[in-house]
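What follows is the residue order along each chain.
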Amino acid sequence: MKKNIVIAIDGYSSCGKSTLAKALAQKLNYIYIDSGAMYRAVTLFFLRQGIDLSSHAAISNALQHIDIDFHSRDYQSHVLLNGEEVSEEIRQMPVSQKVSEIAAIKEVRQCMVKQQQKMGKQKNIVMDGRDIGTTVFPDAYLKLFMTADPKTRAERRYKELQAKGENVSLEAVFDNLAHRDFQDTTREVSPLVRATDAVILDNTNLNQDEQLAFTMAYLPVI
Ligand code: CDP
């Protein structure tokens, strides 16, 4: 049986992983999967339900009641949490402020990784996240590790949130990215770390076309 191709993109918060992943998926006609959106959807569910994060039983029970699905419309990927469209809400600050704490929980990671691995068995995919090349798909065809200057990353995310009408300061965005990077790189389970065979892509001074061209140079035979 032909093995599906997986392209894994990991890296720090808001360094353009999803922009590159979407462009790659479109170019290659692969499915794009935003693993961060899955952790964000779980976080939204936990916040709404007031799940006690100190209770393993409460967490495991809550995870059984979460169904996350993706679908494409207007060339954008949409996230459904138990059938409800939550694409906008999961990108807002209340979720951003809590997501790294919840993504560090072992039970949450086990549950998400299992679903992600299943998706990679069904189709050719581009998946972005923090542990895709290290834990989810250690045999990925191509692994990228993305980074960019922290100030540039904060400015990009700030502009994105402003465009959506969210009332948030540049400082708050900068602090959130720094805090999440700290939590993501220092957690016990699957911390954010470059896989030894991942290609580093620093896009501080690259535009979207340039980062796509950089990546395509590593995909000559697809
Ligand atoms: O878009 P941005 O870079 O801000 O973040 P995201 O990809 O939406 O991921 C949100 C958060 O989910 C991250 O800060 C991590 O805490 C967590 N995450 C993770 O732990 N593992 C993944 N594979 C993807 C995201």
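Residues numbered from 1 in each chain as written. Predicted model: local features only at pLDDT ≥ 70, side-chain atom pairs only at ≥ 80, totals over all residues. Heavy atoms only, no water.

Participant: Before we move on, could you go through the pattern of salt bridges and cite the residues and values that matter?
Facilitator: Within this structure, the stated rule accounts for 11 salt bridges. Between Arg153 and Asp181 there is a salt bridge, and its shortest N-O distance comes to 2.9 Å. Of this pair, Arg153 sits in helix α7 (residues 150-163) while Asp181 sits in helix α8 (residues 170-186), placing them 28 residues apart in sequence. Asp181 matches Arg153 in its accessibility class, with the two residues each being buried. Between Arg187 and Asp184 there is a salt bridge, and its shortest N-O distance comes to 3.6 Å. According to the relative accessible area criterion, Arg187 is buried, its value standing at 8%. A residue is classified by how much of its surface remains accessible, and Asp184, at 4% relative accessible area, is buried. Among the charged side chains, a salt-bridge network with shared partners connects Arg48, Glu84 and Glu89. (Salt bridge = Lys/Arg side-chain N within 4 Å of Asp/Glu carboxyl O. Helix = DSSP H or I, 4+ residues; strand = E, 2+ residues; numbered from the N terminus. Buried < 20%, exposed > 50% of the residue type's maximum accessible area, 1.4 Å probe, protein only.)

Participant: Which residues make up the site of the ligand, and what values do they have?
Facilitator: Of all residues adjacent to the ligand, which total 20 residues, the nearest are Ser14, Arg40, Arg109, Arg180 and Asp184. Within the contact set of the ligand, an oxygen atom lies 2.8 Å away from a side-chain nitrogen or oxygen of Ser100. Between the ligand and the protein, one listed contact pairs a nitrogen atom with a backbone N or O atom of Arg130 at 3.1 Å. It is helix α2 (residues 35-49) that provides the largest number of residues to the shell around the ligand, a total of 4 residues. (Near = heavy atom within 4 Å. Polar contact = N/O pair within 3.5 Å; in protein donor to acceptor, adjacent residues only side chain to side chain.)

Participant: Tell me about the sheet that holds strand β8 (residues 199-202), and please be specific about residues and values.
Facilitator: Consider a sheet: its strands pair through backbone hydrogen bonds, and that pairing is either parallel or antiparallel. Strand order in the open sheet formed by 5 strands is β2-β6-β1-β7-β8, and the pairing between neighbours is parallel. Two strands bound the open sheet, and with one partner strand each, they are β2 (31-34) and β8. Averaged over neighbouring strand pairs, the angle between their axes works out to 20° when direction is ignored. Note that strand β7 (residues 142-147) and β8 share 4 bridges and pair parallel. Paired with Met146 across the strands is Leu201, a residue of β8. (Pairing = 2+ DSSP bridges. Axes fitted to C-alpha atoms, helices over the stretch in contact; angles between N-to-C directions.)

Participant: Break down the side chain of Ser87 for me, with residues and values.
Facilitator: On the secondary structure map, Ser87 appears in the loop between β5 (84-85) and α4 (93-103). A polar atom in the side chain of Ser87 sits 2.9 Å from the backbone nitrogen of Val79. A polar contact is formed between the side chain of Ser87 and the side chain of Glu85, at a distance of 2.2 Å.

Participant: Tell me about helix α3 (residues 56-63), and please be specific about residues and values.
Facilitator: What α3 keeps buried is the set Ile59, Ala62 and Leu63. Mapping the buried residues of α3 onto a view down its axis gives an arc of 100°, with all of them on the same face. Residues of α3 that are buried make contact with α2 and α5 (106-122). (Arc of directions from axis to C-beta. Contact = heavy atoms within 4.5 Å.)

Participant: So what about the nonpolar core? Which residues, and what values?
Facilitator: Core analysis: the largest hydrophobic core is formed by 37 residues, its most contacted members being Val42, Phe46, Ile66, Ile68, Val79, Val108 and Phe137. Apart from residues lying up to four places away in sequence, Ile66 is in contact with Val42, Phe45, Phe46, Leu81 and Asn82. (Core = buried A, V, L, I, M, F, W, Y, C linked by side-chain atoms within 4.5 Å.)

Participant: Could you give an account of the pairing of strand β1 (residues 6-11), naming the residues involved and the relevant values?
Facilitator: Counted residue by residue, β1 has 6 buried out of 6 residues, so it is predominantly covered. Burial along β1 is two-sided: Val6, Ala8 and Asp10 facing one way and Ile7, Ile9 and Gly11 facing the other are all buried. As paired strands, β1 and strand β6 (residues 125-129) are joined by 5 bridges and run parallel to one another. Pairing of Ala8 across the sheet is with Met127, part of β6. Across 5 bridges, β1 lies against β7 in parallel orientation. Within the sheet, the bridge partner assigned to Gly11 lies in β7 and is Met146.

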